[in-house]
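Each chain, letter by letter, is given below.
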Amino acid sequence: MTQLGAVFRPQLPPERLRDIARLADDSGLEQLWLWEDCFREGGVSTAAAALAWSERVRIGVGLLPVPLRNVAITAMEVASLHRMFPGRAIVGVGHGVQDWMGQVGARVESPVTLLREYLDALRALLRGERVSVEGRYVRLDDVALDWPPVEAVPVFAGATGPRSLRLAGEAADGTILTASTSADGLRRARRLVDEGRESAGRTDPHQVVVYLLAATGVDAAARLRAELADEGLADVPDLGVTGDAGAVAKAVERLAEAGADTVILQPTGDEPDPEGFVRFVAEEVRPLVS
């Protein structure tokens with residue numbers, strides 16, 4: 001069965017998260033995803049709060065920008081979340097938006113090299129290994145977690161370009177794709193991920209998560225068009241969906257058929273009723289998605 005979720009957009013103030021996390025939990029939503037967009041809300045702090053305010057819904061962070069975070073700190077944070085809330089946190093890492101990384105003095109010459117080194121070190125630390133590495137960007141000297149996760153923790157990587165997608169297949173346990181990914185784009189991405197997996201000799205499961213921009217209500221089409229235009233995607237075909245639960249469910253099914261294991265419905269940044277959107281996803285769309 002395709003997993004389904006919704007995004008708490010960081011355009012909302014963080015004090016709105018408590019009610020939405022509780023609503024997601026009570027309504028039966030499977031996953032609620034958060035973003036660490038500069039310069040809005042911290043991904044780990046909001047994830048910890050959402051997990052504490054809920055009982056069963058899984059909380060995703062997509063994604064933590066690796067130039068901003070020492071890999072040992074990320075390992076400590078992820079391990080702590082999984083020790084306190086076993087199996088409920090989903091954490092992805094990625095390059096981050098390069099302009100934002102430049103604003104804070106963290107932009108690197110080779111984002112792909114950094115992400116490769118980071119993924120290797122992060123996954124090893126979360127396995128409880130003692131790690132020493134002297135990479136181009138990642139340097140650890142005899143580092144091990146005192147409190148590693150009790151069970152295996154999948155590490156997801158956000159990726160868009162061909163090199164990053166192949167790297168996700170090689171070095172991550174899952175891939176996160178943005179809402180600029182059409183069904184055809186998803187098929188291409190899945191092929192590149194599989195190329196990376198084959199080159200690394202990996203046969204373990206690899207989950208693909210994709211965001212789907214969605215809007216419902218009387219002004220849905222106008223809001224969707226405006227958001228795509230703001231993102232420079234107005235001329236890209238087959239992005240986003242508007243309409244009732246049936247229309248949204250069909251768009252979810254198209255992505256599932258193209259290779260998505262999880263589809264996360266992303267409201268527009270100006271969604272007038274975020275709580276209503278979560279309820280719509282959980283109570284109206286979910287029953288229509290197989």
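First things first, this report covers the structure right here in the doc. The structure displayed is predicted, hence computed values, not measured ones. (Residues numbered from 1 in each chain as written. Predicted model: local features only at pLDDT ≥ 70, side-chain atom pairs only at ≥ 80, totals over all residues. Heavy atoms only, no water.)

## Looking at the overall build of the protein chain
So, point 1. When helices and strands are tallied, the protein chain shows 10 helices and 11 strands.
So, point 2. In terms of C-alpha radius of gyration, the protein chain reaches 18 Å, essentially the compact-globule figure of 19 Å for 290 residues.
So, point 3. For the protein chain, the spread of C-alpha atoms along the three principal axes comes to 60 × 40 × 40 Å.
So, point 4. Residue burial in the protein chain is summarised as follows: out of 290 residues, 55% are buried. (Helix = DSSP H or I, 4+ residues; strand = E, 2+ residues; numbered from the N terminus. Rg over C-alpha atoms; globule rule 2.2 N^0.38 Å. Buried < 20%, exposed > 50% of the residue type's maximum accessible area, 1.4 Å probe, protein only.)

## Re empty space enclosed by the protein
So, point 1. Inspection of every chain in the model, using the stated rule, returns 1 cavity of 30 Å³ or more.
So, point 2. Approximately 100 Å³ is the volume found for the largest cavity.
So, point 3. Forming the walls of the largest cavity are 13 residues, and the residues nearest its centre are V7, R9, L12, P267 and P274.
So, point 4. Secondary structure elements with two or more residues in the lining of the largest cavity: β1 (3–8) and α10 (274–285).
So, point 5. Considering only residue class, the lining of the largest cavity consists of 9 nonpolar, 2 polar and 2 charged. (1 Å grid on protein atoms, 1.4 Å probe; cavity = no way out; pocket = protein on both sides within 12 Å on 5 of 7 lines; lining within 4 Å. Points joined across faces, edges and corners; volume = space filled by probe spheres on them. Nonpolar A, V, L, I, M, F, W, Y, C, P; charged D, E, K, R; others polar.)

## Regarding the pairing of strand β2 (residues 31–34)
Where a strand is regular, its side chains alternate between the two sheet faces.
So, point 1. Residues of β2 alternate between two faces, with Q31 and W33 on one and L32 and L34 on the opposite face, all of them buried.
So, point 2. With 4 bridges joining them, β1 and β2 adopt parallel strand pairing. In the strand pairing of β2, V7 is matched with W33.
So, point 3. In this structure, β2 lies alongside strand β3 (residues 58–65), joined through 4 bridges in parallel fashion. Residue pairing across strands places W33 opposite G60, the latter belonging to β3.
So, point 4. Handedness of the β-α-β unit built from β2, helix α2 (residues 43–53) and β3 comes out right-handed. (Pairing = 2+ DSSP bridges. Right-handed = clockwise from strand over helix to strand, strands pointing away.)

## Structural notes on a nonpolar patch on the surface
So, point 1. Together, F39, L68 and V104 make up a nonpolar patch on the protein surface, roughly 270 Å² of accessible area in all.
So, point 2. By relative accessible area, which is 39% here, V104 ends up partly exposed. (Patch = residues over 30% accessible without salt bridge, like charges linked within 9 Å, V, L, I, M, F, W, Y side chains within 5 Å. Areas by Shrake-Rupley, 256 points an atom, 1.4 Å probe, with all protein chains shown as cover. Salt bridge = Lys/Arg side-chain N within 4 Å of Asp/Glu carboxyl O.)

## Examining the nonpolar core
So, point 1. Counting residues in hydrophobic clusters, the biggest one holds 83 residues, and the most contacted among them are L32, V93, L119, L126, V263, L265 and V285.
So, point 2. Here this core gets 10 residues from one element, more than from any other, and that element is helix α5 (residues 111–126).
So, point 3. Apart from residues no more than four positions distant in its own chain, L119 is found in contact with V93, V155, A157, L167, A171 and A172.
So, point 4. Judged by nonpolar contacts, the second largest core, of 15 residues, contains V7, F156, A179 and L213. (Core = buried A, V, L, I, M, F, W, Y, C linked by side-chain atoms within 4.5 Å. Contact = heavy atoms within 4.5 Å.)

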